[in-house]
Amino acid sequence: MTVPDAAQAAGALDAHRPMLLGLAYRLLGSRHDAEDVLQEAFLRWLAVDRATVAEPRRYLSRVVTRLALDRLRVLRAARETYVGPWLPEPVPTAPSPFGPLESAELRDSLSTALLHLLERLTPPERAVYVLHTAFELPYAEIAGILDRSVDDCRQLHHRAAARIGGDRRRFTAGRAEQERLLDAFLAAARDGDLAALTGLVASDAIAWTDGGGRVKAARNPVTGADRVVRFVAGLYGPGRRFTVRRLELNGQPAALMVRPDASRYALTLAAADGRITAFHVVGNPDKLRWTG
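The notes below deal with the structure included here. Remember, it's a predicted structure, so these values are computed and weren't measured experimentally.

Definitions and cut-offs
The written sequence of each chain sets the order in which its residues are numbered from 1. In keeping with the predicted nature of the model, local features appear solely for residues at pLDDT of at least 70, side-chain atom pairs appear and are counted solely at 80 or more, and the whole-chain, interface and lining totals rest on all residues. Side-chain descriptors were evaluated using all non-hydrogen atoms of the structure, hydrogens and water having been removed beforehand. Secondary structure elements follow DSSP: runs of H or I no shorter than four residues count as helices, runs of E no shorter than two count as strands, and numbering proceeds from the N terminus. When accessible area is computed with a 1.4 Å probe and restricted to protein chains, residues below 20% of their type maximum are described as buried, those above 50% as exposed, and intermediate ones as partly exposed. Here a Phe, Tyr or Trp ring, Trp counted by its six-membered ring, pairs with any other such ring whose centre lies within 6.5 Å, and the pair is stacked when the planes are under 30 degrees apart, edge-to-face when over 60, and tilted otherwise. Think of it as a cone above the ring: NZ of Lys or CZ of Arg counts as a charge over the ring if it is within 6 Å of the ring centre and within 35 degrees of the ring normal. The salt bridge definition used is simple: a Lys or Arg side-chain nitrogen within 4 Å of an Asp or Glu carboxyl oxygen. Fitted lines through C-alpha atoms serve as axes, helices being fitted only where they are in contact, and the angles separating the N-to-C directions of these axes extend from 0 to 180 degrees. Should an angle fall under 35 degrees it is called roughly parallel, over 145 degrees roughly antiparallel, and 65 to 115 degrees roughly perpendicular, with every other angle called oblique. Whether a crossing is left-handed or right-handed is set by the direction in which the near helix is turned from the far one by less than a right angle, anticlockwise for left-handed and clockwise for right-handed. What makes two residues a contact is simply this: any of their non-hydrogen atoms within 4.5 Å. For this scheme, ten residues count as nonpolar: Ala, Val, Leu, Ile, Met, Phe, Trp, Tyr, Cys and Pro. Four count as charged, namely Asp, Glu, Lys and Arg, and the remainder, Gly too, count as polar. DSSP bridges decide pairing: two strands pair if at least two such bridges lie between them.

1. Quick word on unusual backbone geometry
And then number 1: With an omega dihedral of 5°, the bond running from Ala-94 to Pro-95 counts as a cis peptide bond.
And then number 2: Residue position: Pro-95 is located in the loop between α4 (56–79) and α5 (104–108).
And then number 3: One non-glycine residue, Glu-136, lies in positive phi territory at about 55°.
And then number 4: Position of Glu-136 among the secondary structure elements: in the loop between α7 (123–134) and α8 (139–146).
And then number 5: Even without glycine at this site, Asp-147 takes up a positive phi of about 55°.
And then number 6: Locating Asp-147 in the fold gives a position in the loop between α8 and α9 (150–168).
And then number 7: Given the relative accessible area of 55%, Asp-147 is considered exposed.

Laid out in C-alpha cells, this is it:
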C-alpha cells in the first residue's frame, strides 16, 4: 500500500472516529479498550478493498461492533475476578471525544450508572441495546451488523430493556437536578452535616467504590441511606484533606477528589425524584488516566 492510500484510509476512518469510539466505549465501558478496538479496526480497514465499500460508516460500525463484542467476552471473564466492584472507566466529555452529545439520550447512554447496568447483559443484548437506544439504528440495520434476524434483534432488545428497566428508573434526574444534588452533597460532606446528607440520599441508596485493589475502597456495595451517609461522610467529611475539581465525566456533572498524596477519586451521582440513589466512586489509578 502506498503512503497516499494509507493516508486516505486514515482520513476515512478519522471522519467517523468520534462515533466509532463512542460505540466501542459504550460496549466495553473502557476507553483504553475502545481505543485498542479502533486501532484493530483501522488495520482491517487498510486491508479491505475500499472501492467495494459503498458506505464506510456502516462498514466500520459493523467491524467495530464485532471486534468490541469479541473483546467484551474476554473482559467479562477478567471482571469476574476483579477486586471489589467494577465500574466503567470515567471519561471527560467537555469536550467529548465521542462527538457532540446533543440529546439527553446520547448523554444518558454514556452515564456511569447506565454503563454499570449494562454489565448485566449478554454481549449480544448489550450490542442491540446500544445500537438501537443510543444510535437509533433500526433493527434491520442492526441485524446486518450482528448477522442475526430482525426478529432476533428485536427480542434481544426487549430482553435487555426488561433486565435493566427497574434499576434504570433509579437515575432519571436531568442535568440541572444532578448539578444541584452534587453541589449540595459536596457542601454537606465538607461541613460534616449528617442531617443535610441524610436529606439528600434516597432510602435505598447504594454506594459503589472501585479501587481495583490499588487504593482503599469498599469491597462490596454499601446499601441503605444510613450506611451510605456514614460511609460517604467518612470518605469526604471534615478532617479529610481533598482538593475538589469539578468537571464533566460521561456526560454528567462530576467531581475529582485529589488527596495530598496525589491519589484521586472520581465521583458521579445517580438521582431520581430529588434524591441521590447511587454514588459511583472510581479510585483505581489505571482508570483515571483520562482525567488529567
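Let us keep going from here.
2. Some details on the packing of aromatic side chains
And then number 1: Summed over all chains, the structure comprises three aromatic pairs.
And then number 2: On the numbers, 5.7 Å between centres and 40° between planes, the contact of Trp-45 with Tyr-59 is tilted. Here Trp-45, found in helix α3 (residues 31–47), pairs with Tyr-59, found in helix α4; they are 14 residues apart in sequence, far enough to count as distant.
And then number 3: Looking at Trp-45, the relative accessible area reads 2%, which means it is buried.
And then number 4: For Arg-31, the ring lying beneath its charged end belongs to Trp-290, and the centroid distance is 3.9 Å.

3. Comments concerning the pattern of salt bridges
And then number 1: Counted by the stated rule, this structure contains 29 salt bridges.
And then number 2: In this structure, Arg-44 and Glu-40 form a salt bridge, with 3.5 Å as the shortest nitrogen-oxygen distance. Here the residue Arg-44 and the residue Glu-40 both occupy positions in helix α3, the gap between them amounting to four residues, near one helical turn.
And then number 3: According to the relative accessible area criterion, Arg-44 is partly exposed, its value standing at 43%.
And then number 4: On the basis of relative accessibility, which here comes to 33%, the residue Glu-40 falls in the partly exposed class.
And then number 5: Sharing partners across several salt bridges, the network here consists of Arg-107, Arg-175, Glu-179, Asp-183, Arg-246 and Glu-248.

4. A closer look at the packing of α4 against α8
And then number 1: One can describe the packing of α4 onto α8 by two numbers: an axis separation of 9 Å at closest approach and a directional angle of 60°. Classed by the angle they form, the pair α4 and α8 counts as oblique. Note that α4 runs across α8; the crossing there is right-handed. Note on element contacts: α8 touches α4 through Glu-141, Gly-144, Ile-145 and Leu-146, opposite Arg-58, Ser-61, Arg-62, Thr-65, Arg-66 and Leu-69.
And then number 2: For the contact of α4 with α8, the residue count by class is three nonpolar, three polar and four charged.

5. Considerations on the sheet that holds strand β3 (residues 243–249)
And then number 1: Ordered in space as β2-β1-β6-β5-β4-β3, the six strands form an open sheet in which the pairing is mixed. Each of the sheet's edge strands pairs with one partner strand only, and the pair in question is β2 (222–223) and β3.
And then number 2: Here helix α10 (residues 175–191) sits on the sheet in contact with β3, β4 (252–258), β5 (264–272) and β6 (275–282), set at roughly 25° to β4.
And then number 3: Packed onto the sheet, helix α12 (residues 225–236) meets β1 (201–210), β2, β4 and β6 and runs at close to 45° relative to β1.

6. Some thoughts on the packing of α7 against α9
Two measures define how a pair of helices packs: the angle their axes make with one another and the distance between the axes.
And then number 1: For the pair α7 and α9, interaxial distance at closest approach is 8 Å and the crossing angle is 85°. Classified by the angle their axes make, α7 and α9 are roughly perpendicular. Mapping the contact onto sequence places Pro-124, Glu-125, Val-128, Tyr-129, His-132 and Thr-133 in α7 and Cys-153, Leu-156, His-157, Arg-159, Ala-160, Ala-161, Arg-163, Ile-164 and Arg-168 in α9.
And then number 2: Within the contact of α7 with α9, the residues separate by chemical class into eight nonpolar, three polar and four charged.

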